[in-house]
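# Chain and residue survey
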Amino acid sequence: MKISLLEPIGIDSALMEELSAPLKAQGHEFVFYGNKTTDPDELYERAKDSDIVMIANNPLPEGVIEKCDKMKMLDVAFTGVDHIGQNACRSKGIVVCNAAGYSNETVSELAVGMAISVLRKINAGDKAVREGGTLASAGLMGTELGTKTVGIIGTGRIGIMTAKLFKAFGCRVLGYSRTQKAEAEAAGIEYTELDELLKTSDIVSLHIPSTADTKGFLSKDKIALMKKSAILINCARGAVVDNAALAEALNNEEIAGAAVDVFDMEPPIPADYPLLNAKNTLLTPHVAFASKESMIRRAHIVFDNLYAYLEGKPINVVKL
């Protein structure tokens, strides 16, 4: 079989060689591309003769997949699969596997770090020092994390890990999810209704996937339920929030702040995007999943997916 990895997955050449060596030993052809492309024609050229295609978070559109007549498996080095042409995969019977679990710790740590940064005004403090300011002159009085009630929306693996970290700081943690889990309750999450969570929480942290059902999940009306002193953390997916409404709420001081790692598009973000000009925001360019440790975990998972499929025992299969 021909196996093509269409983009880098954040590991060095030595680990790539180690993980792919058994493929060559088994007589398979393995092709690795060292740069990303979003050009559909180039993506098709890279994928067209492949039985198995591997990608990370770079979009693989419906039109490209539809033309790839040999593709039998799509191995996604990412948790979400909203960036691939799911309809084409379904219609062609392509097996899709993902790397769920590789970034649990990494995303959770960023969510907590963002909360601390907003509460303690770390970015403003850095700016003040560089401009000769002081605590008083720059208004840098912050608040402690441990006194806060945190609302976790989405109690999957990342949501539960995030809850555990907030609990370690002494926070009370509320949770909302379509399915209540014993593991989440064991981690100290108190399940409640969504509106109650939004009204009660000092910090709201999102950990839900992007689907047709969750698009705009945190709407203008839902944001309006939040405390004026509350902050929102989004390390999930940009589409689950009405980001124009969020920017409006921030500028009108209807909520106190937001820390956002994901947007309605992948960075770079257009200059007129509302959150770029909103008050009291901490923005990062979709980095929550990215650490040296998570990239290594991810690489092992996607190659395990690959070898399991070749043995006729696919794992981490995504139901589309």
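Above this text you will find the structure in question.
Residues numbered from 1 in each chain as written. Predicted model: local features only at pLDDT ≥ 70, side-chain atom pairs only at ≥ 80, totals over all residues. Heavy atoms only, no water.

## Thoughts on the nonpolar core
The biggest cluster of nonpolar side chains holds 46 residues, and the ones touching the most others in it are Ile9, Leu60, Leu74 and Phe303. At eight residues, helix H13 (residues 292-310) tops the list of elements feeding residues into this core. Ignoring anything within four residues of it in the chain, the contact list for Phe303 reads Ile9, Met16, Leu19, Ser20, Leu23, Phe30 and Met54. In terms of nonpolar packing, the next biggest core, distinct from the first, is built from 29 residues, Leu232, Ala245, Phe263 and Leu275 among them. (Core = buried A, V, L, I, M, F, W, Y, C linked by side-chain atoms within 4.5 Å. Buried < 20%, exposed > 50% of the residue type's maximum accessible area, 1.4 Å probe, protein only. Helix = DSSP H or I, 4+ residues; strand = E, 2+ residues; numbered from the N terminus. Contact = heavy atoms within 4.5 Å.)

## Here's the deal with the sheet that holds strand E2 (residues 29-32)
Pairing within the open sheet is parallel, and its five strands lie in the order E2-E1-E3-E4-E5. Each edge of the open sheet is held by one strand with a lone partner, namely E2 and strand E5 (95-97). Between one strand axis and the next, the sheet turns by 15° as a mean value, whatever way the strands run. Note: strand E4 (residues 73-76) against E5, three bridges, orientation parallel. By the bridge assignment for E5, Asp75 is matched with Cys97. Packing of helix H1 (residues 13-25) onto the sheet brings it into contact with strand E1 (2-5) and E2, and relative to E2 it is tilted by some 155°. (Pairing = 2+ DSSP bridges. Axes fitted to C-alpha atoms, helices over the stretch in contact; angles between N-to-C directions.)

## Concerning the sheet that holds strand E11 (residues 257-260)
Hydrogen bonds between backbone atoms are what pair the strands of a sheet, whose relative direction is either parallel or antiparallel. As summarised here, the arrangement of the seven strands in space is E8-E7-E6-E9-E10-E11-E12, forming an open sheet in which the pairing is parallel. Each end of this open sheet is capped by a strand with a single partner; those strands are strand E8 (189-191) and strand E12 (281-283). Neighbour to neighbour, the strand axes of the sheet diverge by 20° on average, direction disregarded. By the bridge criterion, four bridges tie strand E9 (residues 203-206) to strand E10 (residues 231-234) in an arrangement that is parallel. The residue bridging Ile203 from the neighbouring strand is Ile231, located in E10. The strands that helix H12 (residues 243-251) touches are E10, E11 and E12; relative to E11, the one it contacts most, it runs at about 145°.

## Things to note about the pattern of salt bridges
Counted under the stated rule, the structure contains 15 salt bridges. Salt-bridge contacts for Glu105 lead to Arg297; the nearest nitrogen and oxygen are separated by 3.4 Å. Of this pair, Glu105 sits in helix H5 (residues 104-119) while Arg297 sits in helix H13; the two residues are 192 residues apart in sequence, bridging distant segments of the chain. When the shortest N-O distance is used, the salt bridge between Lys222 and Asp195 registers 2.6 Å. Taken together, the residues span a long stretch of sequence, with Lys222 in helix H11 (residues 220-223) and Asp195 in helix H10 (residues 194-200) at a distance of 27 residues. For Lys222, a relative accessible area of 23% gives the class partly exposed. (Salt bridge = Lys/Arg side-chain N within 4 Å of Asp/Glu carboxyl O.)

Honestly, it's all geometry; don't read function into it.
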